[in-house]
Amino acid sequence: MTLTFDIKPTTNPTSDQERAAKLANPGFGRVFTDHMAVVQYSQDKGWHSARVESRANFPLDPAAAVLHYAQEIFEGLKAYKRDDGGVNLFRPDANAKRFWNSAERMAMAQLPQAVFIEAVEQLVRIDRAWIPGGEGSLYLRPFMIANEVFLGVKPSAEYIFAVIASPVGSYFKGGAAPVSIWVSENYTRAAVGGTGGVKCGGNYAASLKAQAEAIAHGCDQVVFLDAIERRYVEELGGMNVFFVFDDGSLSTPPLGTILPGITRDSIIKLARDAGREVREEAYSIDQWRADAKSGKLKEAFACGTAAVISPIGKVCSASGEVLINGGEAGPVAMGLRKQLVDIQYGRSPDPHQWIRDVK
């Protein structure tokens, strides 16, 4: 299925001078572009009214289903400015597929993947002047909410899909500097049969208390353990995690209750391309501590669309703290980060055809 988007440029665009000022130091997720892409759904019409228009508030009834029953999903991907002035998207087809799967799990209308990609590309085309140069990028946030007006526990019959965009710099203030993480022993993120593998807002809402606990202990991020035994490392509050061992191999927690990260999948492929063994297996927090102290574990790093790769320098908990690689960034994490970023910006070959050129 394809839809024709009605393009309605804003009548009040941001001036070049004001946009340049905002792009000088955009931070992360605080500055937004002039437009948004929108597609609506109803049971009688299906997907309809595809358009790109001025970014604006949605009119929502107080009884809209999303406000009461949390039918909401989202994605995150980036547009990158190449040295030749062109624009790359990185694996938007994978985002579209994950969005489709998230909708299925949340009993929401499933957006055709071609419409997802077209909406993203149309927004990038009209707001491409907002893409920062250098190591900046345009963070794209496709999302869908249930907007049927009713009070009663059932799937909504109406939805709004939209894409907004935000020029961004580094996710963490220290850029790719090592981060510290807090082991959550009081809260869990997801259980078998739940929504851990879905990118829905409720998962992140449930992580905020634990993230606040991490910050209160002076850490940058929280890491969750499994909900059954409270032993096995699952993922951080918003990122997947990898471990690098003294034999050159890598391991990462298996899918099931964690988000199937696109950056995670890309790292697995790149590491295997280089001849490294990559295992998707359970790894306990006790083993993590023991391997770090013995020297068997050489590096640990978190990964995701926003931060790409962030080395983990210190693991903290109520029972003490452990340094990873002396608290420094390691060569494997930083090497993979450079390799991935160079592909995203078009600086090196794309062996897996991950890049989509936005014309």
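Residues numbered from 1 in each chain as written. Predicted model: local features only at pLDDT ≥ 70, side-chain atom pairs only at ≥ 80, totals over all residues. Heavy atoms only, no water.

**Q** Explain the state of the cysteines to me, and be specific about the residues and the numbers.
**A** Using the criterion set out here, one finds 0 disulfides in the structure. Left unpaired, Cys303 is separated from the closest cysteine sulfur, that of Cys200, by 19 Å. Judged by its relative accessible area of 1%, Cys303 falls in the buried class. (Disulfide = S-S within 2.5 Å. Buried < 20%, exposed > 50% of the residue type's maximum accessible area, 1.4 Å probe, protein only.)

**Q** For the packing of aromatic side chains, give the residues involved together with the corresponding values.
**A** Evaluation of the coordinates by the stated rule reveals 15 aromatic pairs. For the ring pair Tyr41 and Trp47, a centre distance of 5.1 Å and an interplane angle of 55° mean the geometry is tilted. Across the pair, Trp47 and Tyr41 agree in class, each one buried. Through pairs of rings, three or more aromatic residues link up here, namely Phe243, Phe245, Tyr283 and Trp288. Lying over the aromatic face of Trp130, Arg19 brings its terminal NZ or CZ to 5.9 Å of the ring centre. We note Arg55 situated over the ring of Phe32; from NZ or CZ to the ring centre the distance is 4.3 Å. (Phe/Tyr/Trp six-rings, centres within 6.5 Å; stacked < 30°, edge-to-face > 60°. Lys NZ or Arg CZ within 6 Å of the ring centre and 35° of its normal.)

**Q** Could you give an account of the nonpolar core, naming the residues involved and the relevant values?
**A** Ranked by internal contacts, the top residues of the largest apolar core, which has 43 residues, are Ile73, Val124, Leu140 and Phe161. Counting residues per element, the ones that place at least two in this core are strand 2 (35-42), strand 3 (46-54), strand 5 (77-81), strand 6 (87-90), helix 3 (92-105), helix 4 (113-126), strand 7 (137-146) and strand 8 (158-168). It is helix 4 that provides the largest number of residues to this core, a total of 7 residues. Listed in part, the 23 residues of the second largest apolar core include Val179, Phe245, Ala307 and Val322. (Core = buried A, V, L, I, M, F, W, Y, C linked by side-chain atoms within 4.5 Å. Helix = DSSP H or I, 4+ residues; strand = E, 2+ residues; numbered from the N terminus.)

**Q** Go over the pairing of strand 3, please, and point to the residues and values.
**A** Within strand 3, 7 of the 9 residues are buried, which leaves the element mostly enclosed by the surrounding structure. Here strand 1 (residues 6-7) runs beside strand 3; their pairing, made up of 2 bridges, is parallel. Across the sheet, Asp6 pairs through a bridge with Arg51, a residue of strand 3. Strand direction decides the pairing type here: strand 2 and strand 3, joined by 7 bridges, are antiparallel. Along strand 3, the bridge assignment pairs His35 with Ser54. (Pairing = 2+ DSSP bridges.)

**Q** Can you explain unusual backbone geometry? Please cite residues and give values.
**A** Look at Ala70: it is not a glycine, yet its phi comes out positive at around 60°. Considering the arrangement of structural elements, one finds Ala70 in the loop between helix 2 (65-69) and strand 4 (72-74). Positioned with a positive phi, Val308 is a non-glycine residue whose angle comes to about 65°. On the accessibility criterion, Val308 (7% relative accessible area) is buried.

**Q** Any details on the environment of Gln40? Residues and values, ideally.
**A** With respect to the helices and strands, Gln40 occurs in strand 2. On a C-alpha basis, the gap between Gln40 and Glu158 in space is 7.7 Å, while along the polypeptide they are 118 residues apart. A distance of 3.0 Å separates the side chain of Gln40 from the side chain of Arg51, its partner in a polar contact. (Polar contact = N/O pair within 3.5 Å; in protein donor to acceptor, adjacent residues only side chain to side chain.)

**Q** Describe in detail a nonpolar patch on the surface, supporting the description with residues and values.
**A** Taken together, the side chains of Tyr69, Leu151 and Val153 define a hydrophobic patch exposed on the protein surface, amounting to about 340 Å² of accessible area. In this structure, Tyr69 sits in helix 2. (Patch = residues over 30% accessible without salt bridge, like charges linked within 9 Å, V, L, I, M, F, W, Y side chains within 5 Å. Areas by Shrake-Rupley, 256 points an atom, 1.4 Å probe, with all protein chains shown as cover. Salt bridge = Lys/Arg side-chain N within 4 Å of Asp/Glu carboxyl O.)

**Q** Can you lay out the packing of helix 3 against helix 4 for me, pointing to particular residues and giving the numbers?
**A** One way to put it is that helix 3 packs onto helix 4 with a least axis distance of 9 Å and a crossing angle of 130°. Here helix 3 is positioned oblique relative to helix 4, judged by the angle of their axes. Pair helix 3 / helix 4 crosses with right-handed handedness. Contacts between helix 3 and helix 4 involve Pro92, Asp93, Asn95, Ala96, Lys97, Phe99 and Trp100 from the former and Gln113, Phe116 and Ile117 from the latter. (Axes fitted to C-alpha atoms, helices over the stretch in contact; angles between N-to-C directions. Parallel < 35°, antiparallel > 145°, perpendicular 65-115°, else oblique. Left-handed = near helix turned anticlockwise from the far one by under 90°. Contact = heavy atoms within 4.5 Å.)

**Q** Give me empty space enclosed by the protein: which residues, what numbers.
**A** Over the atoms a probe the size of a water molecule is rolled, and this reveals where empty space is left. Taken as a whole, this structure holds 1 cavity of 30 Å³ or more when the rule is applied. Put simply, the largest cavity is a space of about 90 Å³. Lining the largest cavity are 13 residues, with Tyr80, Phe90, Thr263, Thr305 and Gln344 positioned closest to its centre. Those elements that place two or more of their residues in the lining of the largest cavity are strand 5, helix 6 (262-273) and helix 8 (331-344). Classifying every residue of the lining of the largest cavity by side-chain character gives 6 nonpolar, 6 polar and 1 charged. (1 Å grid on protein atoms, 1.4 Å probe; cavity = no way out; pocket = protein on both sides within 12 Å on 5 of 7 lines; lining within 4 Å. Points joined across faces, edges and corners; volume = space filled by probe spheres on them. Nonpolar A, V, L, I, M, F, W, Y, C, P; charged D, E, K, R; others polar.)

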